[in-house]
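These are the residues of each chain, in order.
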Amino acid sequence: MAVASADTAIRTSRITRAFIYLFLLLFALFYLLPFGIMLVNSLKPLSEITGGNMIALPQDWTIAPWLSAWSTAQIGVEPTGLRPYFINSLVMAVPAVVLSTVVGALNGYVLTKWQFRGSTIIFGLLLFSCFIPFQIVLIPMARILGLLDIAGTTPGLILVHFVYGIGFTTLYFRNYYAAFPTELVRAAQIDGAGFFQIFWRIMLPSSGPIIAVSFIWQFTNIWNDFLFGASFASGGSAPMTVALNNLVNSSTGVREYNVHFAGAIMAAAPTLLVYIVAGRYFVRGLMAGSVKG
Amino acid sequence: MGFLDIDNVTKSYGAVEVLHKVDIEVHEGEFLVLVGPSGCGKSTLLNMIAGLEGISSGEIRIKDRVMNGVHPSRRNIAMVFQSYALYPNMTVGQNITFGLEMHGTPKSEREKAMKDVAQLLQIEPLLDRKPGQLSGGQRQRVAMGRALVRNPDVFLFDEPLSNLDAKLRVDMRIEIKKLHQRLGTTIVYVTHDQIEAMTLSTRIAVMFDGYVQQLGTPKEIYDAPANLFVATFMGSPAMNVLPATLVERDGALHALISAADGKERALRIENAPPAYATYKDAKVLLGIRPEAITDPEGADRNARNIQHLTNKVTVIEPAGADTFVTMTLSGKDCIARMRADADVIPGRDFAFAINMDKAVLFDPKTEQRIA
């Protein structure tokens, strides 16, 4: 009797498992389909697309659309390809991500381990910045960038993203450090470590997962941002997203869909890569931060 | 002048005073235990000695140097935390030497100090491991190593054994005592466990509600508790406290209590302190430790005043080494501690012997001991 029931239990679990995997596979296909179509069409000559066969694999494989999108396509008025704008985006995103993460970590450290009168209120105000729609800050931000004389430049965009990101990164690090034992900080104080030594030697080495979360979140947001890029950067200093828009929306000549697809994949690639490399830390870090708030 | 002076120290948060005029003088080499229930202010006091919390008024001095406002790292103290607070990202060796590194000790000296301490605590094989790979007892040793390596004036222990299981706790207790006897260091130790307090300390400060209720040697605290709180907090099972009336019969004072049968029993008191006279014919609380109530054969042979009393036994609890016998006296449960093989049967009458030398009286209103 016991043997029989054990047998059925295994069989049921196998069938359930098969269903689960089938389901997951279907969903994976569903989500991968748009990306697949982009990839397939970016490797076709334009004639095959305009011929009306979007789904089929290329008959004539070519990487010419990729080369064109990267270095020769018409962006706005210049035939520069996306390359300079890709570099713009990197130059903008990397410092903004690093700066906002470092400041967020410091804020979280102070707000949990060096609490002062009114620290909760300050945290509340910082949180507020997470909920303010981008559009509201456009005009004040433009004024500040103008005053600092960095309007329309990449440093200007770095500042915008850095400031806008602090709210989120502070939230992440504060929640993470709230669960971090205060006794460790006290022990380090007695051992003679100062404010920054404790931060550098004790807190940061234990912050791996939340640094990953902050990096992924900030990088994705900053890389994908269009509004700030379109508002505060012009011409040669525009980020990738704006350049992609200019590529796709150029109204002269033939619409080169294959080049557009290639450009879109280029624009999406870095965030995709970040997720693939650090995605598991992202989930782990989000969980760790949510244990105690 | 003590080695560590806690001089009229108070602590308040806003208008709320949580520690009231604490005044303790700790001598060099003394093992002072601060004991009390949670929320009594013992950890706050320890943190104030460490410099982790500010002092609202009064003074803390170590070796006659005023410590108010001095940074924790400059007080030459070391602290062992309840959670051990080992740095998770560093190896055991780095954990132990971190303090020396922060104080700018040269590397060769740090290595030597680390080796000495590791040898003392027998943790040499662990030096390259991370705290996460250690057992509770090993972490405890490393935490003590981190404190010892600095060679501080005063060691502060904040409930260091409460995260260990029962057996390990007893082992580590003995280790700490051995260490203190060998090194002769000055230790302030916080615990809520009265057995730790009794066994480890040279002196105990029993705290409750932000007041030091009594400061004294373990024997003083146990035998002559200053008030009802100290009497019932220290000792396990707790001291029996029985409502009684003090009367004079045949030229001697007697404490009148009622037995389970509702009839009166008189316990003669010898060598009564003069203060007892003022409570003649008044209500008092009679405090008797469980081990002062035994069977007649098990009574202390050196006791001068054994009073006999027959009463009905309600419950017996054999605990291996002893048997705890519960009876009703003056309407309260009263526990007696018998030899393991005492012949006691629940529901029957039994002849108890009460060692009245050890009995104490409390004023029912002020709850202070009458003496």
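Scroll up to find the structure this text is about.
Residues numbered from 1 in each chain as written. Chains lettered and ligands numbered in written order. Predicted model: local features only at pLDDT ≥ 70, side-chain atom pairs only at ≥ 80, totals over all residues.

With that out of the way, let us pick up the overall build of chain B. The helix and strand tally for chain B stands at 8 helices and 20 strands. Projected onto its principal axes, the C-alpha coordinates of chain B cover approximately 80 × 45 × 35 Å. Counting over 371 residues, chain B shows a buried share of 41%. Restricting the contact set of chain B to residue pairs at least 6 apart, pairs at least 24 apart contribute 65%. (Helix = DSSP H or I, 4+ residues; strand = E, 2+ residues; numbered from the N terminus. Buried ≥ 20, exposed ≤ 12 C-beta atoms within 10 Å, placed from the backbone. Contact = placed C-beta atoms within 7 Å.)

With 14 residues of chain A at the contact, the number on the chain B side is 17 residues. Mapped by element, the contributors of at least two residues to the side of chain A that touches chain B are helix 8 (182–190) and helix 9 (195–203) of chain A. The leading source of residues in the side of chain A that touches chain B is helix 8 of chain A, at 6 residues. Taken together, the residues that form the side of chain A that touches chain B break down as 7 nonpolar, 4 polar and 3 charged. (Nonpolar A, V, L, I, M, F, W, Y, C, P; charged D, E, K, R; others polar.)

Here the focus is the pairing of strand 16 (residues 306–318) of chain B. Residue and element names in this part refer to chain B. Relative to strand 19 (residues 349–355), strand 16 runs antiparallel, the two being bridged by 7 bridges. Residue pairing in the sheet places Thr310 in a bridge with Ala351 of strand 19. One ladder, built from 5 bridges, connects strand 16 with strand 17 (residues 322–329); its direction is antiparallel. What sits directly across from Val315, in strand 17, is Thr326. (Pairing = 2+ DSSP bridges.)

Turning our attention to the pairing of strand 11 (residues 240–249) of chain B. Residue and element names in this part refer to chain B. Of the strand pairs in this sheet, strand 11 and strand 14 (residues 283–288) are connected by 6 bridges, and their pairing is antiparallel. Opposite Ala244, over in strand 14, you have Val284 as the bridge partner. In terms of strand pairing, strand 11 meets strand 12 (residues 252–258) through 5 bridges, oriented antiparallel. By the bridge assignment, Leu246 is partnered in strand 12 with Ala255. In this antiparallel pair of consecutive strands, strand 11 and strand 12, the connection spans 2 residues, and Asp250 shows a positive phi of 50°.

So, about the sheet that holds strand 17 of chain B. Across the sheet, which stays open at both edges, the 5 strands sit in the order 15-19-16-17-18 (chain B) with antiparallel pairing between neighbours. With one partner strand each, in any of the chains shown, strand 15 (293–294) and strand 18 (332–339) of chain B form the two edges of the open sheet.

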